[in-house]
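So you can see what is in the structure, the chains are spelled out below.
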Amino acid sequence: KLLHQWDFGGNFTISSAGFSSLFQMMPLLCNLTKLSLQMCSLKDDSLDMLVQTLSLSGSPLHSLVLDRNRLTDRAAMLLARCWRKEELSNDDLRTYGMLSLQYCSLSHNQIGDAGITALATALELTIGAREKPLHLNLSKNYFRADGMRALAQLRKRSGWKISY
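Each value, and the rule that gives it
- Residues numbered from 1 in each chain as written.
- Predicted model: local features only at pLDDT ≥ 70, side-chain atom pairs only at ≥ 80, totals over all residues.
- Heavy atoms only, no water.
- Axes fitted to C-alpha atoms, helices over the stretch in contact; angles between N-to-C directions.
- Helix = DSSP H or I, 4+ residues; strand = E, 2+ residues; numbered from the N terminus.
- Parallel < 35°, antiparallel > 145°, perpendicular 65-115°, else oblique.
- Contact = heavy atoms within 4.5 Å.
- Nonpolar A, V, L, I, M, F, W, Y, C, P; charged D, E, K, R; others polar.
- Core = buried A, V, L, I, M, F, W, Y, C linked by side-chain atoms within 4.5 Å.
- Buried < 20%, exposed > 50% of the residue type's maximum accessible area, 1.4 Å probe, protein only.
- Phe/Tyr/Trp six-rings, centres within 6.5 Å; stacked < 30°, edge-to-face > 60°.
- Lys NZ or Arg CZ within 6 Å of the ring centre and 35° of its normal.
- Salt bridge = Lys/Arg side-chain N within 4 Å of Asp/Glu carboxyl O.

**Comments concerning the packing of helix 3 (residues 73–83) against helix 5 (residues 113–124)**
Relative to each other, helix 3 and helix 5 sit at 10°, their axes nearing to 8 Å. Judged by the inter-axis angle, helix 3 sits roughly parallel to helix 5. Here Asp 73, Ala 76, Met 77, Leu 79, Ala 80 and Trp 83 of helix 3 lie close against helix 5, whose contacting residues are Asp 113, Ala 114, Gly 115, Ala 118, Leu 119, Ala 122 and Leu 123. A breakdown of the residues in the contact of helix 3 with helix 5 according to their chemical character gives 10 nonpolar, 1 polar and 2 charged.

Right, here's the structure in full:
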């Protein structure tokens, strides 16, 4: 039976090499719908590996939890790039698994205004392409007024649940 959920939450000792080994296994998980890597000391470079791995696996990911890591604006911009429709074809978007995503949590990271604004701008482009609404949790990050404005505008236009 294929694995549908993978929870590595609380494994703070995973190194970059450990993440690399972990992500090498993920293409085998073509039915993965839930992935939790909270409290794993995940950094931006590890997220880059994760996104590349998800793009190869074709997983229909519905839930991605990356809470309490060390992700910054760079990581948020990487995720934003995955959601930008004009940079990827519809097939590529579906391959990345990002349009199937219904819940994405990035709380308690180090994402500032630039990263939040990039995410909000990119997600706004996916409003009509999503099959189901997105619940986005960005609470306890480092953004201020500019990031809050971008998220408020996204919530108003999309009707999605956005926590900040």
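**Observations regarding the nonpolar core**
One finds Leu 37, Leu 47, Leu 50, Leu 66 and Leu 106 to be the most contacted residues of the largest nonpolar core, which totals 43 residues. Where this core is concerned, the elements lending two or more residues are helix 1 (16–25), helix 2 (44–57), helix 3, helix 5 and helix 6 (145–158). Tallying contributions element by element places helix 3 first for this core, with 7 residues. Those residues in contact with Leu 47, other than ones at most four positions away along the chain, are Leu 42, Leu 66, Leu 71, Ala 75, Leu 78 and Leu 79.

**Section: the environment of Ser 15**
Mapped onto the elements, Ser 15 comes out in the loop between strand 1 (5–7) and helix 1. Ser 15 gets classed as partly exposed once you look at its relative accessible area, which sits at 39%. Here the alpha-carbon distance between Ser 15 and Cys 40, two residues 25 residues apart in the chain, equals 8.8 Å.

**Examining the packing of aromatic side chains**
A full pass over the atoms with the stated rule returns 1 aromatic pair. Centre to centre, the rings of Phe 143 and Tyr 164 are 6.5 Å apart; their planes meet at 55°, and the pair counts as tilted. With Phe 143 in the loop between strand 5 (135–137) and helix 6 and Tyr 164 in the segment after strand 6 (161–163), this pair connects stretches of sequence that are 21 residues apart. Overall, the relative accessible area of 31% leaves Tyr 164 in the partly exposed class. One cation-aromatic arrangement involves Arg 130 over Trp 160; the distance from NZ or CZ to the ring centre is 5.4 Å.

**Overview of the pattern of salt bridges**
One pass over the structure, following the stated rule, counts 2 salt bridges. A salt bridge links Glu 124 to Arg 157; the nearest nitrogen and oxygen atoms lie 2.2 Å apart. With a gap of 33 residues between them, Glu 124 in helix 5 and Arg 157 in helix 6 connect regions that are remote in the sequence. The partly exposed category is assigned to Glu 124, whose relative accessible area is 24%. The closest approach of N and O atoms between Asp 146 and Arg 149, which form a salt bridge, is 2.4 Å. Here Asp 146 and its partner Arg 149 are both found in helix 6, 3 residues apart, which amounts to about one turn of the helix. On the accessibility criterion, Asp 146 (45% relative accessible area) is partly exposed.

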